[in-house]
Amino acid sequence: MAKHKYHFDIESLSFKKIQHTLKQKIIIFFQHFAVSFVMAVLLFVVFLFYFDSPKEKQLKREINLLLNQYDLMNRQMSEVTSVLQDLQQRDDNIYRTIFAAEPIPMSVRRAGFGGVNRYSKLEGYKNTAIIKETAMRLDILSKQLYIQSKSFDEVIEMARNKEKMLACIPAIQPIKNKYLTQVASGWGWRIHPIYKIRKFHYGMDFMGATGTPVYATGDGSAVEVTRSIVGLGNFIRINHGFGYETVYAHLSRFKVKEGDKVKRGDVIGYIGSTGLSTSPHLHYEVHRNGVPVNPKDYYFRDLTPAEYEKMIEISSNANLTFD
Ligand SMILES: [Zn+2]
């Protein structure tokens, strides 16, 4: 039943039914509609800001789950990183040491990624930091793993070539013990026999009669056979590969020529006193990767422990060299 509205007419002192025209009715309708609309919008906005829709609630749950996953993944990556570090240390300190290879420099192992920003796509979000950090850690980890696997390839190759390498690395004395009159002087600071000043002696001097045979101390090839009346005198340089070279100086005669392949124990020349030398002796040097090293560490093939001790004792005497 439609409700009627009345108003009190003070002239006639009676209630009169209000009769709206159509226009008034339309205006009233729109007024009601406008109020309802504004209310609805207000409620909607309030709802939007303070309450989540079921879909939003679900998305938030998923984001939380993903963040937890990221957290877990980062912890697992820390574990993997520490396992990798262990492998790297074992690689440098054991495997590469066995085969006398240089450790892989930290700068190579720890190298990052320079240049372009690889992670620009990940920027501008609330959780950018954790996602970016995880992506970076994963990239660094996979690069380090790659370097490590390359190193193991090298170690495997070195293990395969072990026999060849062991034949090439200098490992005997260049003069037979029975011909030795004296190991005159070894590696280190010595008084120079001619200049009479302190000079670093980068090799070992073996005293012997002129004409005593000199042996190649490892397999290789004679890359330099030089005649000279100064410095090292007549000398031979043998390249053994694997970063090793040996030098035999002050020789009286050669038994090899440049380019000849030699085997460990082959006679390559004879003791003399050519060049800067005070008496017949062999000046012997071992070079590793272009740097002279102490030859005493390269006689492991033919000396007994007692002979080795004796050799070290004699060679470390700070006596004169014969240069
Ligand atoms: Zn010398």
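Visitor: Would you mind going over the overall build of the protein chain with me for this structure?
Guide: Along the backbone of the protein chain there are six helices and 14 strands. Here the protein chain has a C-alpha radius of gyration of 45 Å; the compact-globule value for 323 residues is 20 Å, and the former is much larger. By the burial criterion, 32% of the 323 residues in the protein chain qualify as buried. Summarising the internal contacts of the protein chain: among those between residues at least 6 apart in sequence, 66% fall at separations of at least 24. Looking at the protein chain as shown, the accessible area adds up to about 20800 Å², and 62% of this sits on carbon and sulfur atoms. Charge separation in the protein chain, taken as the distance between the mean sites of 43 positive and 32 negative side-chain charges, equals 7 Å.

Visitor: How should the side chain of R96 be read in this particular structure?
Guide: As for its position among the elements, R96 is in helix α2 (residues 54-98). Of note is the side chain of R96, whose polar atom sits 2.8 Å from the side chain of S151. In this view, R96 contacts D91, A101, E102, P103, I104, S151, E154 and V155; residues no more than four positions away in its chain are not counted.

Visitor: Before we go on, may I ask you to explain the layout of surface pockets in this structure?
Guide: Volume-wise, the largest pocket comes out at about 320 Å³. If you trace the largest pocket, you find 12 residues lining it, with K3, K5, I18, H20 and K25 closest to the centre. Element by element, the count of residues in the lining of the largest pocket is highest for helix α1 (residues 22-50), at four residues. Here the lining of the largest pocket is built from residues that sort into four nonpolar, four polar and four charged.

Visitor: Where do I start with the domain arrangement of the protein chain in this structure?
Guide: By convention, interface size is frequently given as the accessible area that disappears when the constituent parts associate. In terms of domains, the protein chain is made up of domain 1 (6-47), domain 2 (57-160) and domain 3 (177-315). Distance between the C-alpha centres of domain 1 and domain 2: 72 Å.

Visitor: How should I be thinking about the nonpolar core in this particular structure?
Guide: A general feature of soluble globular proteins is that nonpolar side chains tend to end up buried together. The biggest cluster of nonpolar side chains holds 30 residues, and the ones touching the most others in it are F206, V214, I236, Y248, I268 and L282. Within the residue set of this core, elements represented by two or more residues are α4 (128-160), β6 (204-207), β8 (220-226), β9 (234-241), β10 (244-254), β12 (267-271) and β13 (281-288). Among the elements that take part in this core, β10 stands out by supplying four residues, more than any other. Mapping this core onto the domain boundaries places at least three of its residues in each of domain 2 (57-160) and domain 3 (177-315).

Visitor: Honestly, the side chain of N234 in this entry has me stumped. Any pointers?
Guide: With respect to the element layout, N234 can be found in strand β9. When its relative accessible area of 7% is taken as the criterion, N234 is described as buried. When near neighbours in sequence (up to four residues on either side) are disregarded, N234 contacts T226, R227, S228, Y248, A249, H250, L251, S252, F254 and T274.

Visitor: Even after reading the chapter, I still don't get unusual backbone geometry, so can you show me in this structure?
Guide: Negative phi values dominate among residues other than glycine, just as trans dominates among peptide bonds. Of note, the phi angle at F242 is positive, near 55°, even though the residue is not glycine. Relative to the elements of secondary structure, F242 occurs in the loop between β9 and β10. Under the relative-accessibility criterion, F242 is labelled partly exposed at 34%. In this structure, H250 takes a positive phi of about 65° despite not being glycine.

Visitor: How do you make sense of the packing of aromatic side chains when you look at a structure like this?
Guide: Two descriptors summarise a pair of aromatic rings, namely the distance from one centre to the other and the angle between the planes of the rings. Inspection of the entire model under this criterion finds 13 aromatic pairs. Arranged with centres 6.3 Å apart and planes meeting at 20°, the rings of F33 and F37 form a pair that is stacked. A residue pair is termed a helical-turn pair when its members lie 3 or 4 positions apart in one helix, as F33 and F37 do in helix α1 at four residues. Of the residues examined, F33 reaches a relative accessible area of 46% and is grouped as partly exposed. Given a relative accessible area of 51%, F37 falls into the exposed group. Put simply, the rings of F29, F30, F33 and F37 touch in pairs and so form one group of aromatic residues. A cation sits over an aromatic face here: R253 above Y270, 4.4 Å from the ring centre.

Visitor: Looking at this model, I keep getting lost on α2. Mind explaining?
Guide: In an α-helix, one turn spans 3.6 residues; hence positions three or four apart end up facing the same way. For α2, built from 45 residues, the straight-helix expectation of 66 Å at 1.5 Å per residue is met to within 8% by its first-to-last C-alpha distance of 64 Å. The sharpest bend along α2 measures roughly 40° and falls at D91. Within the span of α2, buried status applies to N74, M77, L84, Q88, D91, D92 and R96. Each element contacted by the buried residues of α2 is listed here: α3 (106-109) and α4. Two residues or fewer after α2 comes A100, characterised by a positive phi angle close to 55°.

Conventions and cut-offs
Residues numbered from 1 in each chain as written. Predicted model: local features only at pLDDT ≥ 70, side-chain atom pairs only at ≥ 80, totals over all residues. Heavy atoms only, no water. Helix = DSSP H or I, 4+ residues; strand = E, 2+ residues; numbered from the N terminus. Rg over C-alpha atoms; globule rule 2.2 N^0.38 Å. Buried < 20%, exposed > 50% of the residue type's maximum accessible area, 1.4 Å probe, protein only. Contact = heavy atoms within 4.5 Å. Areas by Shrake-Rupley, 256 points an atom, 1.4 Å probe, with all protein chains shown as cover. Lys, Arg positive; Asp, Glu negative; His and termini not counted. Charge placed at Lys NZ, Arg CZ, Asp CG, Glu CD. Polar contact = N/O pair within 3.5 Å; in protein donor to acceptor, adjacent residues only side chain to side chain. 1 Å grid on protein atoms, 1.4 Å probe; cavity = no way out; pocket = protein on both sides within 12 Å on 5 of 7 lines; lining within 4 Å. Points joined across faces, edges and corners; volume = space filled by probe spheres on them. Nonpolar A, V, L, I, M, F, W, Y, C, P; charged D, E, K, R; others polar. Domains from an automatic or database assignment. Core = buried A, V, L, I, M, F, W, Y, C linked by side-chain atoms within 4.5 Å. Phe/Tyr/Trp six-rings, centres within 6.5 Å; stacked < 30°, edge-to-face > 60°. Lys NZ or Arg CZ within 6 Å of the ring centre and 35° of its normal. Expected span 1.5 Å × (residues − 1). Bend = angle between axes of the 7 residues up to and from the residue.

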